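The primary structure of each chain is shown beneath.
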Amino acid sequence: MLGKRARNLFKQTSLNIFFIVCCVLALIPILYTLSVSMNAEGSLLSSDFSFLPKHLTLKNYKSVFAEEPVMLWLGNTMLLAVSTVVLSLAVAIPASYVFSRWSFAGRKTVLKLLLLLYSFPSILSMFAVYKLMSALGLLNTHIGLIIIYAGTMSVFAVWNMKGYFDTIPVDIEEAAKIDGATDTQIVFMIVMPLARPSIIVTATMVLNFVWNEYIFSINFLTGSENMTLASGLYGLQATELSGSWPVFAAGSIIVSVPVLIIFFLSQKYMTSGLTSGGVKG
Amino acid sequence: MMKKNNMRAYLVSAPAMIFIGLIVIFPIIYTFFISFTNMNTYHWFNYDFVGLKNYQNALLVFDSGFLNAILYTVLWTAVNMIMQLIIAFVIASFLNIEGLKLRRLYKTLLMFPWAMPGYISILIWKTGMFNSSFGLLNQWLGTSIRWLSSDLGATICCTVVNLWLALPFMIMIMDGGLKSIDKSLYESATIDGAGCIRKAVSITIPCLKPIIGPAVVITVFTTFKTFDVIYLLTQQVGSQTGARIHTIITYTYENAFITNNYGYSSAISIIIFILLILFYEMTNRRSKLC
Amino acid sequence: MKRILVLLLCIMLLISSCAKNNQDKKATITIWHDKEDSVVAILEEALSPMKDEIDIVFEKKSSLTESLKLVGNDIKNAPDMFIFAHDKIGVYAEMGILAPITDFVSKEELGKNIPLTVEAGLYKGTNYQMPLYYETLLFLYNKKYMKEQDIPSTTEELYSYMQKKTKYGHYGFVEQHSTPYYAAGWIHGFGADLTDKEGNPLLATADMKKALSYHKKFVSLMPGETEYATVNTLFLEGMAHSTMNGPWFISAVRNAGIDVGVAPMPIVDETALPISPYCGIQGIHVLKAHANEKKDEITKVLRALQNANLEISLALATGCAPALSECYEDERIRSSEVVMAMKDTASKAMPMPNMPELDVLWSVMGNLLTDINMRNVDVETACSNAQEKALDLIKAMR
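Residues numbered from 1 in each chain as written. Chains lettered and ligands numbered in written order. Predicted model: local features only at pLDDT ≥ 70, side-chain atom pairs only at ≥ 80, totals over all residues.

Once that is clear, we can look at the overall build of chain C. On a plain count of helices and strands, chain C comes out with 17 helices and 13 strands. For chain C, the spread of C-alpha atoms along the three principal axes comes to 100 × 50 × 40 Å. The buried share of chain C, taken over its 398 residues, is 51%. The contacts of chain C with a sequence gap of at least 6 include a subset with a gap of at least 24, amounting to 77%. (Helix = DSSP H or I, 4+ residues; strand = E, 2+ residues; numbered from the N terminus. Buried ≥ 20, exposed ≤ 12 C-beta atoms within 10 Å, placed from the backbone. Contact = placed C-beta atoms within 7 Å.)

Further remarks concern the overall build of chain A. The number of helices and strands found in chain A is 13 helices and one strand. In chain A, the order of α-helices and β-strands from amino to carboxyl end is α-α-α-β-α-α-α-α-α-α-α-α-α-α. In summary, chain A has a C-alpha radius of gyration of 24 Å against a globular reference of 19 Å for 281 residues, an excess of more than 25%. Dimensions of chain A, computed from C-alpha atoms along their principal axes, come out at roughly 80 × 70 × 30 Å. Expressed as a percentage of its 281 residues, the buried residues of chain A come to 46%. In chain A, once contacts between residues fewer than 6 apart in sequence are set aside, the share between residues at least 24 apart is 74%. (Rg over C-alpha atoms; globule rule 2.2 N^0.38 Å.)

Residues and elements named next belong to chain C. Domain parsing of chain C yields domain 1 (27-135 + 280-351) and domain 2 (136-278 + 354-397). For domain 1 versus domain 2, the distance between C-alpha centres works out to 28 Å. Opposite the 24 residues of domain 1 that make contact, domain 2 presents 19 residues. Looking at which element gives the most residues to the side of domain 1 that touches domain 2, the answer is helix α15 (residues 337-348), with eight residues. (Domains from an automatic or database assignment.)

With 80 residues of chain A at the interface, the matching set in chain B holds 81 residues. The element best represented in the side of chain A that touches chain B is helix α6 (residues 142-166) of chain A, accounting for 14 residues. Along the lines of polarity and charge, the residues of the side of chain A that touches chain B split into 53 nonpolar, 24 polar and three charged. (Nonpolar A, V, L, I, M, F, W, Y, C, P; charged D, E, K, R; others polar.)

Contacts between the two partners involve 18 residues from chain C, matched on the other side by 22 residues from chain A. Where the side of chain C that touches chain A is concerned, the elements lending two or more residues are β2 (54-60), α3 (64-71), α10 (228-236) and α11 (250-255) of chain C. Counting residues per element, the side of chain C that touches chain A draws most heavily on α10(C), at five residues. Considered class by class, the residues forming the side of chain C that touches chain A number six nonpolar, seven polar and five charged.

Here the focus is the nonpolar core. When a protein is soluble and globular, its nonpolar side chains tend to lie buried together. With 138 residues, the main nonpolar core has A:A92, A:V158, A:M161 and B:I171 as its most contacted residues. For this core, the element with the highest residue contribution is α6(A), accounting for 15 residues. Among the domains, domain 1 (17-57) and domain 2 (68-275) of chain A are the pair contributing at least three residues each to this core. The residues contacting B:I171, other than those within four sequence positions of it, are B:A88, B:I91, B:A92 and B:L110. Membership of the second largest hydrophobic core comes to 121 residues, among which are C:I89, C:Y182, C:M265 and C:A323. (Core = buried A, V, L, I, M, F, W, Y, C linked by C-beta atoms within 7 Å.)

All names here are of chain A. On domain assignment, one finds that chain A holds domain 1 (17-57) and domain 2 (68-275). Its C-alpha centre places domain 1 at a distance of 32 Å from the equivalent point of domain 2. The interface is formed by eight residues belonging to domain 1 together with seven residues belonging to domain 2. Of the residues contributing to the side of domain 1 that touches domain 2, the split by class is three nonpolar, five polar and no charged.

Right, let's get into the confidence of the model for chain A. Residue and element names in this part refer to chain A. Across chain A, the average pLDDT comes to 83, with 94% of residues at 70 or higher. When pLDDT is averaged over each helix and strand of chain A, the minimum, 40, is found for helix α13 (residues 274-278) and the maximum, 91, for helix α3 (residues 70-101). Counted against residues more than four places away or in other chains, residues 273-281, with its pLDDT under 50, gives 18 contacts. (pLDDT = per-residue confidence, 0-100.)

Moving on: helix α3 (residues 64-95) of chain B. Between its terminal C-alpha atoms α3(B) stretches 46 Å, which fits the 46 Å expected from 32 residues at 1.5 Å a residue. All buried positions along α3(B) are accounted for by B:A69, B:T73, B:W76, B:N80, B:Q84, B:A88, B:F89, B:I91, B:A92 and B:L95. Residues of α3(B) that are buried sit in contact with α1 (4-37) of chain A together with α4 (103-110), α8 (151-179), α10 (196-224) and α12 (248-255) of chain B. (Expected span 1.5 Å × (residues − 1).)

Okay, α10(B) next. Count 3.6 residues to each turn of an α-helix, and residues three or four apart come out pointing the same way. The end-to-end C-alpha distance of α10(B), which contains 29 residues, comes to just 34 Å, noticeably less than the 42 Å that a straight helix rising 1.5 Å per residue would cover. Within α10(B), the full set of buried residues consists of B:T204, B:L208, B:I211, B:I212, B:P214, B:A215, B:T219, B:T223 and B:F224. Residues of α10(B) that are buried in the fold lie against α4 (107-116) and α6 of chain A together with α3, α8 and α13 (262-283) of chain B.

The next thing to look at is the sheet that holds strand β9 (residues 242-245) of chain C. Residue and element names in this part refer to chain C. Spatially, the three strands line up as an open sheet ordered β9-β8-β10, and their pairing is antiparallel. The open sheet terminates on both sides in strands that have one partner only, identified here as β9 and β10 (260-263). When strand polarity is set aside, the average angle formed by the axes of neighbouring strands in this sheet is 35°. As paired elements, strand β8 (residues 138-142) and β9 share four bridges and run antiparallel to each other. Bridge assignment links Y141 to a residue of β9, and that residue is S242. (Pairing = 2+ DSSP bridges. Axes fitted to C-alpha atoms, helices over the stretch in contact; angles between N-to-C directions.)

A word on the pairing of β8(C). Residue and element names in this part refer to chain C. Within β8, four of the five residues are buried, which leaves the element mostly enclosed by the surrounding structure. In terms of strand pairing, β8 meets β10 through four bridges, oriented antiparallel. Residue pairing for β10: F139 is matched across the bridge by A263.

The next thing to look at is the pairing of strand β1 (residues 27-33) of chain C. Residue and element names in this part refer to chain C. Most of β1 is tucked away, with five of its seven residues classed as buried. Remark: the β1/helix α2 (residues 37-47)/β2 crossover connection has right-handed handedness. The sheet contact formed by β1 and strand β3 (residues 81-85) spans two bridges and is parallel. Bridging across to β3, W32 finds its partner in F82. (Right-handed = clockwise from strand over helix to strand, strands pointing away.)

What follows concerns the environment of B:Y119. For B:Y119, the position within the fold is in helix α6 (residues 118-129). On a C-alpha basis, the gap between B:Y119 and B:L232 in space is 8.2 Å, while along the polypeptide they are 113 residues apart.

To continue, consider unusual backbone geometry. Residue and element names in this part refer to chain C. Phi angles above zero are rare outside glycine, and K124 is one such case at about 50°. In this fold, K124 is placed in the loop between β5 (122-123) and β6 (126-127). Here K124 falls in the exposed class, since 11 other C-beta atoms lie within 10 Å of it. In this model, N376 sits at a positive phi of 55°, which is unusual for a non-glycine residue. In this structure, N376 sits in the loop between α16 (358-373) and α17 (379-397). Under the C-beta neighbour-count criterion, N376 is labelled exposed, with 10 such atoms within 10 Å.

Okay, here's the thing in structure tokens:
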């Protein structure tokens, strides 16, 4: 008696319940942080904790904005993040295309080497990069830090996008070649649109990395006018000796939200031309 | 696969290689160089070459404690990877079921753990959730269990936190991968009468493998090198919990890196690097990646 | 006509830029620190009379110790001075990045400070720090629960108080029992110490073993967690009647509405020594990088900071004790219960050792305490293992 519609409804409802439960589980620590950030009392812990604090207040958020140059931090972070994304995509897309499509001497070896680089325990890397940047005269410059970020994320970008390029059938490109398109045209007008989901995912990962990165930015871009969101937040950190947990919690929420908004908005572009019927058969 | 001349290939990928060379490969070379010197607190600027002395000393670190750490790390990586792959696959598949209206919202909410800076999240987990007197878990359960004080308890808690931190990335990768599978394959499978599980096994998983392959390998290595989660949750001096669990990196941190003897630490890093590469080679005999 | 005008303009610009250059001979002094804004404001105000001659820039660095190691002697990027506790002096001196403070201020000038504070900055016979203020741990109690007659004067009295009062979620006394900095008080109370004057670890001496076994007795009446969030929250919520904590905690306690009292540290019955924690002396240090070229400016800044009023304001703002002896004649200091209690406890305390070996000892000590207090390892075994570990690690440092 249960028609298709009823079965569908049941399926949808249980799916939604499943996801609501998942989200709640994933968000409990976040909600905890949110609650601490809206608490008028100063502590991280209390014996009668409730998600809705007894003395609800937004003063911690106000205090973050008022006492700290958050907009300056935001500006710096955006500058670094966008530049790094653009730069790393600009160098990684050609490289991953080449590694995916062309066969040349050393291709497999280089690829494997790139992957194995991840197994290096990099305790001295900051030291080495410091010496390098110092020698190049790029310490305390935005460009220097952007190069550092782009270099760090390039391996991931190349591998990620190469894997995706591999799944795009070559037939489309060969068809375009027969029609007389040049290599550059093929890459820009055919392959890139098809690889959109991978490019967006990679861009989002790079963005998040730069957004939250504080260790390098504290040491390589000194001066209070150069602080980023992440390094500013690190300075607000509540330790045993100083700092206020609610303010620090408020700061953490403020720092995380923009990335999520960007992620939410970019979802639209994560569909590929392929699945919407680009190639059949 | 189109054949092109080698020059052009290397030229096009040159910019990426230059960046990688500067920022990733140069530190490795530098570390290798320092491992042959005696750079430490007493010879910070005026270090000399000491040949293989650091390597000789390094072998002393690789004692029984280190072997335990290796076993623990392998176990830790295996458990985490298996759980991540399964849970991410399930969640990503469900996210892609037709008709789920709030899909974008759920996906974004599930990404929150990844958007918040790691050191804060770990701190919140340690003091907000697991704390024996005031943590949420104990407040809800009405108990005062010291979750992090036994080795087993601490391992389970660290795994939970690590999964919480790492799943968003895996879900995103799986989701991207699932979206790239040609829908027509599923259509023809349904026509042929295949059920959900059959479709998943014969279509989804084989097609996913090449796409998520690199991300999985990267995650394996990163999980192997776990430091933050284990150290901040249980081993940081001044807030130790009583559990004594060590991965390779936390073990070498406590036994070598804190001495500020960079020559010595570099030698150990190089040795671990070689070990990991060998390990990767051995386990990769069977599976092919690209 | 036009050309002449342009030429005149260029000449004027040239002259004015030269003039500007002559005026622009203001030097800049960069000082790194990791202190709160309120402390920095006080310092900046004290140095404001000099702002026409010298541009003083305070930069907050959250991971100061690591940043200093990175920057080393790099002339372009190193700061001129930094404000920090004295315990890292040994590391930086061995690395060769610190300039002796006596290059700028004489020993007599340093002598105006309390001897304890000057000694802390001494490493291998050279002074590297000009002290500003110092801090140590205090015995704090909640007046609501611990009455006058309950205040323990000996550790056994403390123990019986704990036995009576530790129930129904209340604790007689809490502390960060497995954190080396805090446990050191108990260790010194038995005459033991982490190292001797040369930096050799003393983790397996008979006194150390006695201290740790005795301490364990108290730990069993405390919550399992040793970290500061639990300990502090227990006290702030009134569930712990007394604690051992630093001056930084007092304002939080007052804000929580607790009527807090400060008492002298209990005396260990067996040895008749009080629990004597480590103390940290906060001061200013000069880096070698710019020591020569900016000698005059640095000396001026140092002299300006050795100012009684400044140190009194710092002390009142942080609850710590000023380093200059003359501050103690001042009414504001004499009337501050916290500062005078600090001075009293500190007179029996010992400064943290500033040797490079301490870096590894903190970690070994932490593990030793955890083993004994939380993993119930037997004291003998734990201590001898720790001593061996410490010797290995120190050897590995060279």
